[in-house]
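# Overview (structure and organization)
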Amino acid sequence: MATAVVHYLASAITDRGRKRPSNEDAFGYSVEDGVYVVCDGMGGAAAGEIASSLAVDEVLRLLEGNGQSEHGGTLPDGLAQAVAAANEAIFARSQRNPRLSGMGTTLVALAVQESHAWVLNVGDSRGYLLRHGQLEQITADHSLVEEQVRNGRMTRGEAQRSPLKNVITRALGTQCRVTPDVFAMETKPGDLFLLCSDGLTRELPDETIAAILREDRSLAEHCTCLVEAAKKAGGQDNITCMLVRAEA
Ligand code: CA
């Protein structure tokens, strides 16, 4: 019989990178509630930072105590509701304050309960799973160029060179409603989830990320190695990575 997953370990890090004056990424997690979130904000002045931290705080706050809930099946619904509420909170705040007008954020979230996991995303922050040494991207970017690639209208190389590569097609807080993608899966002991902002994935190809994660290191050391590698490769943007490992 296969060993069941009984708990999860996590570590995360965020870094301004080498070119940006501030860090508009945000992250937060609660191992107790089984909720993990990475956001990458956008907007003028401090608006991006406000949007990303508001999203992280709202999602964690709304799912607080979830770990004690006996209604196990409701976690993915709870996560979707929390993300919808975070969207409304950011949108309402930007409507009230003209200086924050247009602010928004990406969001990638992982919710886990025993051996069940759900990954939810809006925008181009990504969720990956490393299983048996193989790295797979779980999420599909909501970005103009990635959608063109998926439709066969653009090659991967053209997408990487495109001046439109920063344009995302879905964000939290820019409209009164948002539709996230949700991916459900079963976890096994040893599974390693990576949630990250595009400051990591623009600098490092998946093979490089996988090679780093295959080394024998602690989760915190993995996070530091990923950030250092992304900075060495250019560090053009803020870099955030969060690792969550399923343990027997
Ligand atoms: Ca970014």
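Computed from a predicted model, the values in this text were never measured in an experiment.

## As for the sheet that holds strand E2 (residues 25–30)
What the 5 strands build is an open sheet, ordered E2-E3-E4-E5-E8; its pairing is antiparallel. Of all strands in the sheet, those with a lone pairing partner are E2 and strand E8 (181–186), marking the two edges. The sheet shows a mean angle of 10 degrees between the axes of neighbouring strands, direction not considered. In the sheet, strand E5 (residues 116–122) pairs with E8 via 6 bridges, with the strands oriented antiparallel.

## Re the pattern of salt bridges
By the definition in use, this model includes 10 salt bridges. Linking Asp237 and Arg20 is a salt bridge whose minimum nitrogen-to-oxygen distance equals 3.1 Å. Placement of the pair is Asp237 in the loop between helix H7 (219–232) and strand E10 (239–247) and Arg20 in the loop between strand E1 (7–15) and E2, with a sequence separation of 217 residues. Here Arg170 makes a salt bridge to Asp181, at a shortest N to O gap of 3.4 Å. Here the residue Arg170 occupies a position in the loop between helix H4 (156–161) and E8, and Asp181 occupies one in strand E8, the gap between them amounting to 11 residues. Judged by its relative accessible area of 22%, Asp181 falls in the partly exposed class. Via salt bridges that share partners, Asp124, Asp198 and Arg202 belong to a single interconnected network.

## With respect to unusual backbone geometry
With phi around 50 degrees, Glu114 is a residue other than glycine that occupies positive phi space. Examined against the element boundaries, Glu114 turns out to sit in the loop between strand E4 (104–113) and E5. A relative accessible area of 60% means that Glu114 is categorised as exposed. The phi angle at His132 is positive, at roughly 50 degrees, despite the residue not being glycine. Here His132 lies in the loop between strand E6 (126–131) and strand E7 (134–137).

Calculation rules
- Residues numbered from 1 in each chain as written.
- Predicted model: local features only at pLDDT ≥ 70, side-chain atom pairs only at ≥ 80, totals over all residues.
- Heavy atoms only, no water.
- Pairing = 2+ DSSP bridges.
- Helix = DSSP H or I, 4+ residues; strand = E, 2+ residues; numbered from the N terminus.
- Axes fitted to C-alpha atoms, helices over the stretch in contact; angles between N-to-C directions.
- Salt bridge = Lys/Arg side-chain N within 4 Å of Asp/Glu carboxyl O.
- Buried < 20%, exposed > 50% of the residue type's maximum accessible area, 1.4 Å probe, protein only.

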